[in-house]
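# Architecture and fold: a report
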Amino acid sequence: LGKQGGTRRKLERSSGAVVQYVGMVVLCSGTRVERTRAREYMKWLFQQLEGPVYVLGWRDRDDCTVMDIPNDCIGYITGNRRATLGVMEEEWGTLMFFMSDAEERGKG
């Protein structure tokens with residue numbers, strides 16, 4: 001998952017958990033909250049491979065911020081091959097992805 005452990009490091013920084021891969025198994029160490037976040041974040045990373053993700057209950061979470069991005073700005077925000085988002089994720093220790101609208105969830 002990820003080039004040269006980059007995704008693992010992003011998971012660690014954003015969740016606070018220690019994340020290690022042993023073959024096809026992922027091991028997480030940290031508080032219950034940190035481990036739960038690492039699992040959720042990993043689930044979202046896999047979901048985004050299939051398309052936009054919807055985070056249930058995002059309004060009630062203290063680890064989510066949702067921003068509306070105009071369609072004509074998406075290319076600028078993501079950059080070439082997601083490079084701009086990757087730089088921001090690295091700088092801020094966060095995960096960033098495009099989230100679908102609630103009514104679009106499950107379509108496709």
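Figured I'd write up the structure that's included with this text. Note that the coordinates shown come from a computational prediction; the quantities given were computed from them, not determined experimentally. (Residues numbered from 1 in each chain as written. Predicted model: local features only at pLDDT ≥ 70, side-chain atom pairs only at ≥ 80, totals over all residues. Heavy atoms only, no water.)

Bringing the overall build of the protein chain into the picture now. A tally of regular secondary structure across the protein chain gives 4 helices and 2 strands. The order of helices and strands in the protein chain, counted from the N terminus, is α-β-β-α-α-α. Relative to a compact globule of 108 residues, whose C-alpha radius of gyration would be 13 Å, the protein chain shows 14 Å and is just as compact. Once the C-alpha set of the protein chain is aligned to its principal axes, its extents read approximately 40 × 30 × 25 Å. Residues counted as buried form 25% of the 108 residues belonging to the protein chain. (Helix = DSSP H or I, 4+ residues; strand = E, 2+ residues; numbered from the N terminus. Rg over C-alpha atoms; globule rule 2.2 N^0.38 Å. Buried < 20%, exposed > 50% of the residue type's maximum accessible area, 1.4 Å probe, protein only.)

Following the criterion strictly, the structure yields 2 aromatic pairs and no others. With a centroid separation of 5.4 Å and an interplanar angle of 35°, the aromatic rings of tyrosine 41 and tryptophan 44 are classed as tilted. Of this pair, tyrosine 41 and tryptophan 44 both sit in helix α2 (residues 32-48), separated by 3 residues, roughly a single helical turn. We classify tyrosine 41 as buried; its relative accessible area is 5%. Here a set of aromatic residues connected by ring pairs shows up, and it is made of Tyr41, Trp44 and Phe97. (Phe/Tyr/Trp six-rings, centres within 6.5 Å; stacked < 30°, edge-to-face > 60°.)

To continue, consider the nonpolar core. In summary, soluble globular proteins display a tendency toward joint burial of nonpolar side chains. With 13 residues, the main nonpolar core has Leu11, Val19, Tyr41, Trp44, Val55 and Leu95 as its most contacted residues. Here this core takes 5 residues from α2, the largest share from any one element. The contact partners of leucine 95, leaving out residues within four places of it in the chain, are Lys10, Leu11, Ser14, Tyr41, Leu45 and Glu89. (Core = buried A, V, L, I, M, F, W, Y, C linked by side-chain atoms within 4.5 Å. Contact = heavy atoms within 4.5 Å.)

When two helices pack together, you describe them by how their axes are tilted relative to each other and by the distance separating the axes. At a closest axis distance of 9 Å, the pairing of helix α1 (residues 6-15) and α2 adopts a crossing angle of 135°. Between α1 and α2, the angle is such that the two are oblique. For the pair α1 and α2, the crossing hand works out as right-handed. Contacts from Thr7, Leu11, Ser14 and Ser15 of α1 reach α2 at Glu34, Arg37, Ala38, Tyr41, Met42 and Leu45. Of the residues contributing to the contact of α1 with α2, the split by class is 5 nonpolar, 3 polar and 2 charged. (Axes fitted to C-alpha atoms, helices over the stretch in contact; angles between N-to-C directions. Parallel < 35°, antiparallel > 145°, perpendicular 65-115°, else oblique. Left-handed = near helix turned anticlockwise from the far one by under 90°. Nonpolar A, V, L, I, M, F, W, Y, C, P; charged D, E, K, R; others polar.)

We now examine α2. Look at α2: 24 Å from first C-alpha to last across 17 residues, which is about the 24 Å you get at 1.5 Å a residue. Each element contacted by the buried residues of α2 is listed here: α1, β1 (18-22) and β2 (25-29). (Expected span 1.5 Å × (residues − 1).)

Taken as a whole and judged by the stated rule, the model has 7 salt bridges. The closest approach of N and O atoms between arginine 13 and glutamate 90, which form a salt bridge, is 3.8 Å. On the criterion of sequence distance, the pair formed by arginine 13 in helix α1 and glutamate 90 in helix α4 (residues 83-92) is long-range, its members being 77 residues apart. Residue classification places glutamate 90 among the partly exposed positions, given a relative accessible area of 46%. (Salt bridge = Lys/Arg side-chain N within 4 Å of Asp/Glu carboxyl O.)

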